[in-house]
Amino acid sequence: MRTRLVVMLAVCALVVAVAPFIGPPMPPHARDFILWQLRIPRTLMALVVGGTLSLVGAVYQSLFSNPLAAPSTIGTTAGATLGALVAIVLGARAAMWGLPLITAAAFAGALGVSLLVAAIAAGRNVRMNDLVLAGIAFSMAAGAISTGVQFSADSAELLTAMRWTMGHLPQVGYQNIVMLLPIAAVSVVGLLTLTRALEVFISGEEHAESQGVNVRAVRMASIGLGALGVAGCVAWCGPIAFVELIVPHIVRRVLGVSRRVLLPCSVVVGASFLVLCDAVARIIFPGKETPVGLVTAALGTPLLIYLVARKPS
Amino acid sequence: MTSLLEVSGATVRKGERALLEDVSLRVAPGDFVAVVGPNGAGKTTLMRVALGLQRPDAGRVTLNGRDVGALSPRERAAFLAWLPQRVQVSEPITALEHVAAARYRFTESHRRSEEAALVALARVQAEPLASRPITELSGGEQQRVAVAALLAQEAPLVLLDEPANFLDPAQQLELYALVGQMWRSGLGVLCITHDINVLAHAMRAGSEGRIRVLGLSKGRVAFESHYDAPDLGEHLGRVFSVRMRGVEVENRRVFVGMSLERGE
């Protein structure tokens, strides 16, 4: 167990250290620029986004006692997509407070829909399945409005929108990372402080309540903080598929289900997993902006299936 | 400071139907209160009300004079611990983790929680189970671990909700022996059951008179008695709609139910 943990952390550190050097060879005169202005910022972005998304996935899976729960379960992704679409149709080049309008609108959309679900979670007699249902309902409503918006869009806008929904790590400068970092930090640190309460949740909500957990408060805090982090990530990167679903399951299979291992390790593994995916994306279509969402699914799915199919030792 | 659970005049309605009507009881440390009644008599509702999981439509539930609803979950957990019918964990955590999680109400390090959990497991002779995933244990072993969790919470009052419902006779006997130990160590026990005979395993000869029995029927208190009361059999019979006779077996009083039709 301890050896596994050390090995996993070492592999993660190695991936992150090596990743910026993976990719098409850098011409000597442009080497510094490519490394310091393109690859390292992107690696940092991947670290922040991968870590945050994976942790939120792990927390939601614990909270809903559902191995399939993900930010999309409570409508975060659908809200973000709606926001981004509206921004694209209104004119994607506009900017607010130095932020591209798409980013700001996606952030608002993601947070808006998830907070609606969080508000429902505040109810006294609400069961977890009701929340999943509410999330699906809100997702469908947001999806319907998105379809309406798409219907009124022209083909160039549609292409932009489609690209956006693939999930990508944008070619961003350090400034955007600095903007995302506090959002992600609040979400990650806040969620990790809930570890102990989520441990008690394993034996059921009412039992947890009888053991002293304020179930409603934990529920709202988890959903609110999770939505904040995911909204931040989705705003810049679009919905990157599967990271939040796959990484916690990989960690669970390798290191066990104990919350105090699962949650922090999901951050570390998720961060380096997305860094790795980004590096792989650079190799498969050199010189093109391959959406990283494509690689996360292509790389993560076989790994997960292998882990699920392997007989437990 | 004594910890006193007091339910007074609790009434819970669901639409027109009264699930619980004007039920009162008190449990202090050292008490053993058995709530008996057929399925649907309102036993579980009473337990949920006592735990503060459900607010009564009328009446009050107080812990040491303070309204249960006004206490934070943490404060409530310091008074009351709950043993459900069976452990339902959504993931294969180890027995040790399960018991350590019951220490949530204490602000302490993880190491301290685990130490306390090991002590609790030792008290129910379940140390060898500590590192086993709880989902792989037998029903009886699971309930033993659940009792350890109950002890780890260190509440002066414990509520047991049909804790032997899914156990075979040997496991039932073992579980109620543990319940008896808890009671004799000074905890107040409120035990809900539809099988009065399991209580025989919790007591030592001579302590029958200290077990209070509260009969529930259709949400109301049908009788209040003691385990050694001569007419307890008749009371029980009425609540369960059978004829019941108390008989002595190896110095323990057990109750046998017979159909109403072939009466003498």
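The shown structure was predicted, so the numbers you read here are calculated from the model rather than taken from an experiment. (Residues numbered from 1 in each chain as written. Chains lettered and ligands numbered in written order. Predicted model: local features only at pLDDT ≥ 70, side-chain atom pairs only at ≥ 80, totals over all residues.)

Participant: Please explain the overall build of chain A as it appears in this structure.
Facilitator: A count of helical and extended segments in chain A gives 13 helices and two strands. Rg of the C-alpha trace for chain A: 19 Å, near the compact-globule value of 20 Å for 313 residues, within the 12% margin. Seen through its principal axes, chain A has C-alpha atoms that stretch 65 × 55 × 35 Å. Classification of the 313 residues of chain A by burial places 50% in the buried group. Restricting to contacts in chain A with at least 6 residues of sequence separation, those with at least 24 account for 80%. (Helix = DSSP H or I, 4+ residues; strand = E, 2+ residues; numbered from the N terminus. Rg over C-alpha atoms; globule rule 2.2 N^0.38 Å. Buried ≥ 20, exposed ≤ 12 C-beta atoms within 10 Å, placed from the backbone. Contact = placed C-beta atoms within 7 Å.)

Participant: What should I look at first to understand the sheet that holds strand β9 (residues 211-217) of chain B in this one?
Facilitator: The strands making up a sheet associate through hydrogen bonds between their backbones, and the pairing can be parallel or antiparallel. Residues and elements named next belong to chain B. Reading across from one edge, β6-β7-β8-β3-β9-β10 is the order of the six strands in this open sheet, with mixed pairing throughout. Edge positions in the sheet fall to β6 (80-83) and β10 (220-226), since each of these pairs with one other strand and no more. Averaged over neighbouring strand pairs, the angle between their axes works out to 20° when direction is ignored. Examined bridge by bridge, β6 and strand β7 (residues 157-161) share four bridges and lie parallel to one another. By the bridge assignment for β7, Trp 82 is matched with Leu 159. The strands touched by helix α6 (residues 169-184) are β3 (32-36), β7 and β8 (188-193); relative to β8, the strand with the most contacts, the crossing angle is about 150°. (Pairing = 2+ DSSP bridges. Axes fitted to C-alpha atoms, helices over the stretch in contact; angles between N-to-C directions.)

Participant: Got a minute to help me understand the interface of chain B and chain A in this structure?
Facilitator: Accessible area lost when the parts come together is the quantity often used to give the size of an interface. The partner chain A presents 18 residues to the 23 residues of chain B that form the contact. If you list the elements that add at least two residues to the side of chain B that touches chain A, you get α2 (73-79) and α3 (95-101) of chain B.

Participant: What is the right way to read helix α4 (residues 101-121) of chain A from this model?
Facilitator: The α-helix winds at 3.6 residues per turn, so residues separated by three or four positions along the chain end up facing the same way. With 21 residues, α4 of chain A extends 30 Å from end C-alpha to end C-alpha; this agrees with the ideal 30 Å at 1.5 Å per step. Of all 21 residues in α4 of chain A, 15 are buried; the element is thus mostly enclosed. (Expected span 1.5 Å × (residues − 1).)

Participant: It is not clear to me how the packing of helix α1 (residues 2-18) of chain A against helix α12 (residues 259-284) of chain A should be interpreted in this structure. Could you clarify?
Facilitator: Residue and element names in this part refer to chain A. Closest axis-to-axis distance for the α1/α12 pair is 9 Å, and the angle between their directions is 35°. α1 and α12 meet at a crossing whose hand is left-handed. Where α1 abuts α12, its residues Met 8, Leu 9, Cys 12, Val 15 and Val 16 lie against Val 268, Val 269, Ser 272, Val 275 and Leu 276. Of the residues contributing to the contact of α1 with α12, the split by class is nine nonpolar, one polar and no charged. (Left-handed = near helix turned anticlockwise from the far one by under 90°. Nonpolar A, V, L, I, M, F, W, Y, C, P; charged D, E, K, R; others polar.)

Participant: Is there a simple way to think about the pairing of strand β4 (residues 58-63) of chain B in this case?
Facilitator: Residue and element names in this part refer to chain B. Here five bridges tie strand β1 (residues 5-14) to β4, and the two strands are oriented antiparallel to one another. Residue pairing across strands places Ser 8 opposite Arg 60, the latter belonging to β4. Summarising the sheet, β4 and strand β5 (residues 66-67) pair through two bridges and their orientation is antiparallel. Across the sheet, Leu 63 pairs through a bridge with Arg 66, a residue of β5. Here β4 folds back onto β5, and the loop between the two strands holds two residues, one of which, Asn 64, carries a positive phi near 55°.

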